[in-house]
Amino acid sequence: MNRILLLLVATTLSFATTQAQCDLFFSEYAEGSGNNKYLEIFNPTNAAIDLTTYAFPSVSNAPTVIGQHEYWNTFTVGATIPAGGIYIVAHGSADPSIVALANQTHNFLSNGDDGYKLAFGTELSHVIVDAIGDFQGDPGSGWAVAGTTNGTQNHTLVRKPTITQGNPDW
């Protein structure tokens, strides 16, 4: 009986963790002129999501250790994304119209060649749930997107409305 109960608890926790890891994703990415840069994260669920257990780790150009983040960027304490809502992380010196919509500022956003990921967990134990770029090396000026060379440089990327979850494999 104890084994069955333990198995049931483990299965429930595993499902809850897997479900949480698929809840959020990058819905928009902008790398514009100057500091006009932002990341938009979407919550497609019917419940608010606390960002305490999420982060947006990054690398600047090429990672120090191939495949690993250089910076563990956390969300503002107490941050949540409402059901069906978005959370915007913008460069603090972006155009005032962008900053006015931002939930948080981060002054180290990409020039098109920095990788960002959305992670669930802690810095030492996490799962990547979505990605913009990768942590494998310097792509040059940017990554190719939908056949566009350097598509992450000087462009705004918007996910198709049919996308319902992130993709950790850029």
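Structure: above.
Remember, it's a predicted structure, so these values are computed and weren't measured experimentally. (Residues numbered from 1 in each chain as written. Predicted model: local features only at pLDDT ≥ 70, side-chain atom pairs only at ≥ 80, totals over all residues. Heavy atoms only, no water.)

Draft legend 1. Quick peek at the sheet that holds strand β9 (residues 126–132). One open sheet holds the three strands; their spatial order is β4-β8-β9, and the pairing between them is antiparallel. The strands lining the two open edges of the sheet, one partner per strand, are β4 (54–55) and β9. Relative to strand β8 (residues 116–121), β4 runs antiparallel, the two being bridged by two bridges. Note on β8: the bridge partner recorded for Y54 is F120. (Pairing = 2+ DSSP bridges. Helix = DSSP H or I, 4+ residues; strand = E, 2+ residues; numbered from the N terminus.)

Draft legend 2. The packing of aromatic side chains, seen in detail. The final tally for this structure, using the stated rule, is six aromatic pairs. Residues F56 and Y116 carry aromatic rings whose centres are separated by 6.3 Å and whose planes lie at 25° to one another, so their mutual orientation is stacked. Pair noted here: F56 is in the loop between β4 and β5 (80–81) and Y116 is in strand β8, with a separation of 60 residues, a long-range link. Neither residue differs from the other here; F56 and Y116 are each classed as buried. Each ring, one from F75 and one from Y87, has its centre 5.4 Å from the other, and the planes form 85°; the classification is edge-to-face. Note that F75 is positioned in the loop between β4 and β5 and Y87 in strand β6 (residues 86–90), a separation of 12 residues in sequence. Here F75 and Y87 have matching classes, each one buried. Through a chain of ring-to-ring contacts, three or more aromatic side chains come together here, namely F56, F75, Y87 and Y116. (Phe/Tyr/Trp six-rings, centres within 6.5 Å; stacked < 30°, edge-to-face > 60°. Buried < 20%, exposed > 50% of the residue type's maximum accessible area, 1.4 Å probe, protein only.)

Draft legend 3. Seen up close, the sheet that holds strand β1 (residues 25–31). Strand order in the open sheet formed by five strands is β7-β6-β2-β1-β10, with mixed pairing between adjacent strands. The two strands at the open ends of the sheet, each matched to only one other strand, are β7 (104–105) and β10 (156–158). As paired strands, β6 and β7 are joined by two bridges and run parallel to one another. Along β7, the bridge assignment pairs A90 with T105.

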